[in-house]
Amino acid sequence: MELPFAESFRIKMVEPIRRTTRAEREQFIREAKFNLFNLKSANVFIDLLTDSGTGAMSDRQWSEMMLGDESYAGASSFFKFRDAIRDIMGFEYVLPCHQGRAAENVLFSVLVKEGHLVPGNSHFDTTKGHIEFRKAKAVDCTIDEAFDTTLAHPFKGNIDLVKLEKVLAENGDRVPFIIFTITCNSSGGQPVSLANMKAVRQLADKYGKKIVMDSARFAENAYFIKVREDGCQNKSIREIVKEMFSYADAITMSAKKDAIVNIGGFIAMRDKDLFDKASVFEIIYEGYITYGGLAGRDLNAIARGLYEATEFDYLETRVRQVEYLGNKLMAMGIPIQQPVGGHAIFVDAKRFLPNVRKEEFVAQTLAVHLYVEAGVRGVEIGAILADRDPVTRENRYPELELMRLAIPRRVYTNNHMDVVAAGLKNIWDRRSTIKTGFKIVREAPIMRHFTVELEKI
Ligand SMILES: *Cc1c(COP(=O)(O)O)cnc(C)c1O
């Protein structure tokens with residue numbers, strides 16, 4: 001008999017979680033103004049809000065925490081951190097930051113100016129926020145296939161070369177750099193192929209542009225390249241990572257994802273001049289250049305986490321758990337983004353709840369139902385997240401209304417995934433009875449999804 005697949009870790013420490021009753025959950029979500037960010041985590045049974053900062057650190061990472069050097073400047077922890085990034089990613093210059101958006105803030109303070117266009121695959125929300133905040137524009141050049149959730153394209157994170165070249169040819173003088181988000185969070189945790197990175201590099205060189213990679217899930221991207229891209233099966237994850245980053249001039253990183261730590265981030269780059277300019281903003285916004293808003297122990301844990309996240313066994317365990325949930329949902333007929341991405345399942349809410357109007361926030365409606373049904377917290381990736389157009393202030397309705405179920409790294413078992421699937425199945429079975437959603441009663445001027453308040457229609 002063939003031995004089944006099993007996790008490449010065992011559990012040394014546990015954290016209790018509590019089930020609640022449906023009546024309790026109905027009250028909690030009402031008190032939260034139907035915004036899942038406002039729920040107390042103690043009232044959530046299985047928390048799939050995000051895979052950001054929610055991973056379980058390993059025994060090795062915890063032991064690195066004890067070795068942190070908390071010196072203000074020149075701490076050994078900084079050099080351990082810098083050397084890990086040099087070794088794994090191949091960049092000479094490194095600036096630690098307290099998280100990914102802080103890295104964006106520091107780097108974009110140098111590179112992005114009013115009137116600029118920043119083309120890329122679908123930009124992450126904080127990335128877009130930092131671009132628009134500077135009165136510049138994010139231009140989505142993702143391949144069209146990414147927007148058809150039923151199409152099993154292996155690299156839905158790819159940039160469309162025709163769309164990109166159009167931007168570069170028509171408005172090249174307004175483009176400070178091209179941005180690749182790996183994996184592409186906004187289009188469903190979908191990877192970018194090495195071939196696409198290489199082709200975009202050639203275009204960038206033709207027009208004399210830099211490439212920045214938003215690298216939060218770079219290791220998951222490398223895993224998909226290894227298992228899906230022709231000619232890559234025999235390359236190691238580390239070889240693939242090196243090649244991916246050979247096409248970039250600089251990266252921003254949220255270490256809360258693929259460095260498997262609870263807080264942290266960084267910028268890494270090749271160019272000394274860029275490093276010098278970014279260092280000025282680093283000191284204003286983050287802290288001295290060898291700690292950047294982090295404790296020495298955090299830097300140590302990130303260094304260790306980068307090595308662990310680029311081991312094949314870890315990545316296989318990680319991605320296969322996401323696939324496990326995805327396969328279960330597909331077997332139930334539930335419409336999800338295909339193929340399954342690296343860190344999350346994206347449920348196609350428009351197809352799940354066809355009777356709810358887009359103006360009533362379809363994905364949010366589904367997420368509220370799932371919380372009430374099973375105590376599972378997902379998150380809306382739809383019209384609330386897409387926010388208003390910065391100029392017209394009209395609501396933007398994205399092509400996809402998705403409910404994301406992000407799986408924390410090394411945290412839940414497949415029994416938890418079974419609960420999630422059963423909860424969704426119960427809603428699926430009564431979907432024809434769900435006809436109304438929500439309206440907004442209060443919202444912030446930018447990145448409204450975190451604090452928006454809703455009312456039932
Ligand atoms: C999480 C994330 C960010 C922002 O990082 P934070 O650590 O949350 O500030 C940027 N880009 C992508 C692709 C991300 O997933």
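Residues numbered from 1 in each chain as written. Predicted model: local features only at pLDDT ≥ 70, side-chain atom pairs only at ≥ 80, totals over all residues. Heavy atoms only, no water.

### A few points about the overall build of the chain
Check the secondary structure of the chain and you find 16 helices and 14 strands. Of all 457 residues assigned to the chain, the portion counted as buried reaches 57%. Relative to all contacts within the chain whose residues are 6 or more apart in sequence, the contacts with residues 24 or more apart total 73%. Entry remark: accessible area of the chain is about 18,900 Å², with carbon and sulfur atoms responsible for 52%. Computed over 63 positive and 62 negative side-chain charges, the separation of the two mean positions in the chain equals 3 Å. (Helix = DSSP H or I, 4+ residues; strand = E, 2+ residues; numbered from the N terminus. Buried < 20%, exposed > 50% of the residue type's maximum accessible area, 1.4 Å probe, protein only. Contact = heavy atoms within 4.5 Å. Areas by Shrake-Rupley, 256 points an atom, 1.4 Å probe, with all protein chains shown as cover. Lys, Arg positive; Asp, Glu negative; His and termini not counted. Charge placed at Lys NZ, Arg CZ, Asp CG, Glu CD.)

### Here we look at the sheet that holds strand E12 (residues 402–406)
Taken in spatial order, the three strands make up an open sheet running E9-E12-E11, and their pairing is antiparallel. The sheet terminates laterally at strand E9 (344–348) and strand E11 (379–381), the two strands that pair on one side only. The average undirected angle you get between the axes of adjacent strands in this sheet is 35°. Pairing analysis gives five bridges linking E9 to E12, with the strands arranged antiparallel. (Pairing = 2+ DSSP bridges. Axes fitted to C-alpha atoms, helices over the stretch in contact; angles between N-to-C directions.)

### Brief notes about the pairing of strand E6 (residues 210–214)
By the criterion of burial, E6 is predominantly enclosed, with four of the five residues buried. Strand direction decides the pairing type here: strand E5 (residues 177–181) and E6, joined by five bridges, are parallel. Bridge assignment links Ile179 to a residue of E6, and that residue is Val212. You can see the chain leave E5, run along helix H7 (residues 194–207) and come back into E6, and the turn it takes is right-handed. Pairing of E6 with strand E7 (residues 250–254) involves three bridges; the strand directions are parallel. Residue pairing across strands places Val212 opposite Ala250, the latter belonging to E7. (Right-handed = clockwise from strand over helix to strand, strands pointing away.)

### Describing the nonpolar core
Met89, Met197, Met213, Phe218, Phe266 and Leu306 are the most contacted members of the largest nonpolar core, which totals 60 residues. At six residues, helix H8 (residues 218–228) tops the list of elements feeding residues into this core. Here this core spans two domains, since at least three of its residues come from each of domain 1 (22–51 + 312–456) and domain 2 (59–309). The next biggest cluster of nonpolar side chains, apart from the first, holds 49 residues, and it includes Val44, Ile334, Ala374 and Leu405. (Core = buried A, V, L, I, M, F, W, Y, C linked by side-chain atoms within 4.5 Å. Domains from an automatic or database assignment.)

### Description of the domain arrangement of the chain
Splitting the chain by domain gives domain 1 (22–51 + 312–456) and domain 2 (59–309). The C-alpha centroid of domain 2 is placed 26 Å from the C-alpha centroid of domain 1. Contact residues are listed per partner, giving 31 residues for domain 1 and 38 residues for domain 2. Between domain 1 and domain 2 we count six salt bridges in total. Residues Arg410 and Glu308 are paired through a salt bridge, measuring 3.0 Å at the closest nitrogen-oxygen approach. Our count for the contact surface shared by domain 1 and domain 2 stands at 13 residue pairs in polar contact (both at pLDDT 80 or more). Among the elements that line the side of domain 1 that touches domain 2, the one with the most residues is helix H12 (residues 312–331), at six residues. Of the residues that constitute the side of domain 1 that touches domain 2, the class distribution is 15 nonpolar, six polar and ten charged. (Salt bridge = Lys/Arg side-chain N within 4 Å of Asp/Glu carboxyl O. Polar contact = N/O pair within 3.5 Å; in protein donor to acceptor, adjacent residues only side chain to side chain. Nonpolar A, V, L, I, M, F, W, Y, C, P; charged D, E, K, R; others polar.)

### Observations regarding helix H10 (residues 272–285)
Counted at 1.5 Å a residue, the expected span for H10 with its 14 residues is 20 Å, and the 20 Å between its end C-alpha atoms agrees. By the burial criterion, the buried members of H10 are Leu274, Phe275, Ala278, Ser279 and Glu282. As for H10, its buried residues are in contact with strand E2 (93–97), helix H4 (100–111), E6, E7 and strand E8 (265–269). Its side-chain oxygen 3.1 Å from the backbone nitrogen of Asp273, Asp271 forms the N-cap of H10. Of the residues trailing H10, Gly287 is marked for its positive phi of about 140°. (Expected span 1.5 Å × (residues − 1).)

### Side note on the state of the cysteines
By definition, a disulfide links the sulfur atoms of two cysteines through a covalent bond. Here the structure, examined in full by the defined rule, presents zero disulfides. With no disulfide of its own, Cys184 lies 11 Å from the sulfur of Cys141, the closest cysteine sulfur. (Disulfide = S-S within 2.5 Å.)

### Observations regarding the layout of surface pockets
Taken as a whole, the largest pocket encloses approximately 1,700 Å³ of empty space. Lining the largest pocket we find 42 residues, and of these Met13, Ala56, Met57, Arg410 and Val411 sit closest to its centre. Contributing elements (two or more residues each) for the lining of the largest pocket: helix H2 (59–66), helix H11 (296–309) and H12. Considered class by class, the residues forming the lining of the largest pocket number 17 nonpolar, eleven polar and 14 charged. Split by domain, the residues of the lining of the largest pocket number at least three in each of domain 1 (22–51 + 312–456) and domain 2 (59–309). (1 Å grid on protein atoms, 1.4 Å probe; cavity = no way out; pocket = protein on both sides within 12 Å on 5 of 7 lines; lining within 4 Å. Points joined across faces, edges and corners; volume = space filled by probe spheres on them.)

### Looking at the pattern of salt bridges
Between side chains of opposite charge, pairing is possible as soon as their charged atoms come close. Tallied over the full model, the rule gives 38 salt bridges. Across the pair Glu359 and Lys358 runs a salt bridge, and its minimum N-O distance is 3.2 Å. Residue classification places Glu359 among the partly exposed residues on the basis of a relative accessible area of 33%. The residue Glu453 makes a salt bridge to Arg442 at a minimum N-O spacing of 3.4 Å.

### A look at the site of the ligand
The full set close to the ligand counts 14 residues, and Gln99, Arg101, Asp214, Ser254 and Lys257 are the nearest of them. A distance of 2.8 Å separates an oxygen atom of the ligand from a polar atom in the backbone of Gly100. Within the contact set of the ligand, an oxygen atom lies 2.7 Å away from a side-chain nitrogen or oxygen of Arg101. Computed on the free molecule, the ligand has an accessible area of 380 Å², of which 98% lies beneath the protein chains in the complex. In terms of residues, the shell around the ligand owes the most to one element, H4, which gives three residues. Classifying every residue of the shell around the ligand by side-chain character gives two nonpolar, six polar and six charged. (Near = heavy atom within 4 Å.)

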